[in-house]
Every structure is written in C-alpha cells, then in structure tokens.
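A look at the structure
Here's the letter readout for the chains.
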Amino acid sequence: MEPGQLLNELERRQDEVLLELDALDAKLTAVLRGLGVSLDDEIDQELV
C-alpha cells in the first residue's frame, strides 16, 4: 500500500456515506411532509 492510499480511501468512503446520508435525509423529509409533519430548524433549548 502506497503512502496516503489509506487516507484517500477513507476520504472516498466518507464522501460516499455523506451522499447516502443526504439522500436519506431528503427521503425522510419527503415522507414526513407527506404525513403533514414539519421539522423545526430551531432546537428547543429545553432539550439541550
């Protein structure tokens, strides 16, 4: 294995996972919208 090859592989996998998470987020948002549920962008400070 060449130097830096492992880092490049990890970065590639990270990019793939982030794309998958974005796609899942979009699907979840669409499902929730279909159910009439909306997500607040603000975090309830009592829950933090």
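Data block above holds the structure.
Below: a short report on this structure. Given the structure is predicted, the values throughout are model-derived calculations rather than measurements.

This part covers the pattern of salt bridges. This structure, assessed with the given rule, holds 3 salt bridges. With a closest N to O distance of 2.5 Å, arginine 12 and glutamate 9 form a salt bridge. Remark: glutamate 9 and arginine 12 occur in helix H1 (residues 5-34); sequence separation between them is 3 residues, near one turn of the helix. For glutamate 9, a relative accessible area of 25% corresponds to the partly exposed category.

On the surface, a cluster of nonpolar side chains totalling about 370 Å² of accessible area is made up of Val17, Leu18, Leu21 and Leu24. Overall, leucine 24 belongs to the exposed group, its relative accessible area being 54%.

Conventions we followed
- Residues numbered from 1 in each chain as written.
- Predicted model: local features only at pLDDT ≥ 70, side-chain atom pairs only at ≥ 80, totals over all residues.
- Heavy atoms only, no water.
- Salt bridge = Lys/Arg side-chain N within 4 Å of Asp/Glu carboxyl O.
- Helix = DSSP H or I, 4+ residues; strand = E, 2+ residues; numbered from the N terminus.
- Buried < 20%, exposed > 50% of the residue type's maximum accessible area, 1.4 Å probe, protein only.
- Patch = residues over 30% accessible without salt bridge, like charges linked within 9 Å, V, L, I, M, F, W, Y side chains within 5 Å.
- Areas by Shrake-Rupley, 256 points an atom, 1.4 Å probe, with all protein chains shown as cover.

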